[in-house]
Amino acid sequence: MSNIPAELRYASTHEWVRPEGNGIFTVGITEHAQELLGDMVFLDLPDEGDEIATGDDVAVAESVKAASDVYAPISGEVIAINEDLEDSPELVNTDPYGDGWMFKVKADDAGEVESLLTADGYAESIEDE
Amino acid sequence: MTNKTILHAKHIEAGAKMVDFFGWDMPINYGSQIEEHHAVRRDAGMFDVSHMTIVDVKGVQAQAYLRHLLANDVVKLQDKGKALYSGMLNEAGGVVDDLIVYFFDETNYRLVVNSATKEKDLNWLNLQTKGFDVTITERDEFAMIAVQGPNAKAQACKLFSAAQQEAVAGMKPFYGVQAEDLFIATTGYTGEAGYEIMVPNAHAADFWQQLLDLGVTPCGLGARDTLRLEAGMNLYGQDMDETISPLAANMGWTISWEPEDRYFIGRDVLTQQRAEGTDQLVGLVMKEKGVLRAGQKVTVAGGEGVITSGTFSPTLGHSVALARVSHTVTDTAEVEMRKKWVTVDVVKPSFVRNGKSVL
């Protein structure tokens, strides 16, 4: 069973969201997702300043096995991307909830996060797969 | 019913991620496929290849049988233990399987064929014995462990007896020798030096454990695929199959056209194809971000094609692929990737040998 931190919120498409205060949220992919994908080789991240809307494919996580879209879990403006992933894509494998974060979003509506899955809800959703 | 090799429990014990590989429950990796890949290029890694099929061909007409069966000519094998890579073709010139044949004497040969095609191969081998005085015997009492990498031979030698060490001393690439209980061959599927070792089933787990204790890295099918692809080696079922001519699969070098009066299965069709020209298998190199994948469409000047195998090359740090394209040699090709056309370089289908780029 993979690790699903209780303090984060989740999209059914395997992104996690962490509130950083002031309506800013960090986004990455879950441990379960990186396990499915295997060793990461490239991350194609959005650009700072991009306006993204919930459900948009905004990034590509390319692993030894497959290229997989990463979807925007919430709407807002991308205010930072994790540039370390350019040289060290394996951070997504080794520390998916920490150094393997992908981008930060200034939410249009911070309340939107409440509509995402809780850790329990996400755990259930991947059990059904 | 899933098949398990004799080493299955060792893989589970090591925490391997297991996958179904044509009916065999095999390790895809033991944690990180890329780390396993690097272990083989830089040090020593080992693979459980016990799922592959070992077949002995014996009889007074063993040589004549194999000269009929294989596109390559076993008459080239004159040194005891020498091995040959060949396609085994059908009447239509398609590849039934690719295999390695070891020569002991003109009445005694050993074949190693793929696991995915085992039933089909055994049926084909038996069918073709008609009119030849030979016996075909599967040797499933052996496990097979491939130890590969710059330090692989030295590590494996630590487990050999004095007699086994003497038997392999100075053995050139592509030879095999039976030394006491082990059949030790200087063959592989990685582009590195090393051995493929046939071990009696009863000793296989011990042998594996001793290699582990020496620090040899266990490697799964994932690393095996990226290593063979970097080395430009075909994977049966992906880069060629029964519908593909060896001439369209970079296997032209394995066809022995001389002597002209040697008939082998598929020869007539190949002769015609050779005159008319066929598709060819080329290497593709993409240095920008992204990974070439099997199935992607390719266009070259005056023709099109398809990627048969594609991957991220851990050694090179970018993507490489094999592609079957129409008979046109160009320096670049366009590949359709995620709805965009990307320009890539066309090269000979070989990318890495002995740890180094050959691009």
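Residues numbered from 1 in each chain as written. Chains lettered and ligands numbered in written order. Predicted model: local features only at pLDDT ≥ 70, side-chain atom pairs only at ≥ 80, totals over all residues. Heavy atoms only, no water.

A. Quick peek at the overall build of chain A. Helix and strand content of chain A: four helices and nine strands. Relative to its length of 129 residues, chain A is compact, with a C-alpha radius of gyration of 13 Å against a globular reference of 14 Å. C-alpha atoms of chain A, sized along the principal axes, occupy 35 × 30 × 20 Å. When the 129 residues of chain A are sorted by exposure, 52% land in the buried category. With an accessible surface of roughly 5,900 Å², chain A has 43% of that area assigned to carbon and sulfur atoms. Across chain A, the centroid of the 5 positively charged side chains sits 6 Å from that of the 32 negatively charged ones. (Helix = DSSP H or I, 4+ residues; strand = E, 2+ residues; numbered from the N terminus. Rg over C-alpha atoms; globule rule 2.2 N^0.38 Å. Buried < 20%, exposed > 50% of the residue type's maximum accessible area, 1.4 Å probe, protein only. Areas by Shrake-Rupley, 256 points an atom, 1.4 Å probe, with all protein chains shown as cover. Lys, Arg positive; Asp, Glu negative; His and termini not counted. Charge placed at Lys NZ, Arg CZ, Asp CG, Glu CD.)

B. The arrangement of the sheet that holds strand S14 (residues 280-286) of chain B in detail. All names here are of chain B. If you trace the six strands once around the closed barrel, you get S14-S17-S16-S15-S18-S19, paired in antiparallel fashion. On average, each strand axis in the sheet is tilted by 40° relative to the strand beside it, whichever way the strands run. Sheet topology note: the strand S16 (residues 303-313)/strand S17 (residues 318-325) ladder contains eight bridges and is antiparallel. Following the sheet pairing, serine 313 is matched in S17 by histidine 318. Helix H8 (residues 221-230) rests against S16 and S17 of the sheet, and its axis sits at about 125° to S16. (Pairing = 2+ DSSP bridges. Axes fitted to C-alpha atoms, helices over the stretch in contact; angles between N-to-C directions. Contact = heavy atoms within 4.5 Å.)

C. A look at the pairing of strand S12 (residues 194-200) of chain B. Residues and elements named next belong to chain B. The buried count for S12 comes to seven of seven residues, which makes it a mostly enclosed element. Residue alternation in S12 divides its side chains into two sets, Gly194, Glu196, Met198 and Pro200 and Tyr195, Ile197 and Val199, and both sets are buried. As paired elements, strand S9 (residues 142-148) and S12 share seven bridges and run antiparallel to each other. In the sheet register, methionine 144 faces S12, and the bridge partner there is methionine 198. As judged from the three bridges shared by strand S11 (residues 182-185) and S12, these two strands associate in the antiparallel manner. Paired with isoleucine 184 across the bridge in S12 is isoleucine 197.

D. Spotlight on the pairing of strand S15 (residues 297-300) of chain B. Residue and element names in this part refer to chain B. By the alternation rule, side chains of S15 split into Val298 and Val300, which are all buried, and Lys297 and Thr299, of which none is buried. As paired elements, S15 and S16 share four bridges and run antiparallel to each other. If you follow valine 300 over to S16, its bridge partner there is glycine 303. Counting the residues in the hairpin turn of S15 and S16 gives two residues, including glycine 302, whose phi is positive at 75°.

E. How the structure looks around empty space enclosed by the protein. Residues and elements named next belong to chain B. Taken as a whole and judged by the stated rule, the model has one cavity of 30 Å³ or more. Roughly 30 Å³ of volume is contained in the largest cavity. If you trace the largest cavity, you find it lined by Met26, Pro27, Phe47, Asp48, Cys219, Gly220, Leu221 and Arg224. Breaking the lining of the largest cavity down by element, the ones donating at least two residues are strand S2 (24-29), strand S3 (45-48) and H8. The class makeup of the residues in the lining of the largest cavity is five nonpolar, one polar and two charged. (1 Å grid on protein atoms, 1.4 Å probe; cavity = no way out; pocket = protein on both sides within 12 Å on 5 of 7 lines; lining within 4 Å. Points joined across faces, edges and corners; volume = space filled by probe spheres on them. Nonpolar A, V, L, I, M, F, W, Y, C, P; charged D, E, K, R; others polar.)

F. How the structure looks around the interface of chain B and chain A. Listed by partner, the interface residues are 14 residues for chain B and 17 residues for chain A. Approximately 1,200 Å² of surface area, both sides summed, lies buried where chain B meets chain A, with 47% of it carried by carbon and sulfur atoms. Linking chain B with chain A are three salt bridges, by the criterion used here. For arginine 293 of chain B, the salt bridge identified is with glutamate 62 of chain A, shortest N-O distance 2.9 Å. Connecting chain B to chain A are 12 residue pairs in polar contact (both at pLDDT 80 or more). (Buried area = accessible area lost by both parts, 1.4 Å probe. Salt bridge = Lys/Arg side-chain N within 4 Å of Asp/Glu carboxyl O. Polar contact = N/O pair within 3.5 Å; in protein donor to acceptor, adjacent residues only side chain to side chain.)

G. Inspection of the environment of valine 101 of chain B at higher detail. Residue and element names in this part refer to chain B. Position of valine 101 relative to the elements: it lies in strand S6 (residues 95-105). The buried category is assigned to valine 101, whose relative accessible area is 0%. C-alpha separation for the pair valine 101 and alanine 83, spaced 18 residues apart in sequence, amounts to 5.5 Å. Leaving out residues up to four positions away in the same chain, valine 101 has contacts with Leu66, Leu70, Val74, Leu77, Lys82, Ala83, Leu84, Tyr109, Arg110 and Leu111.

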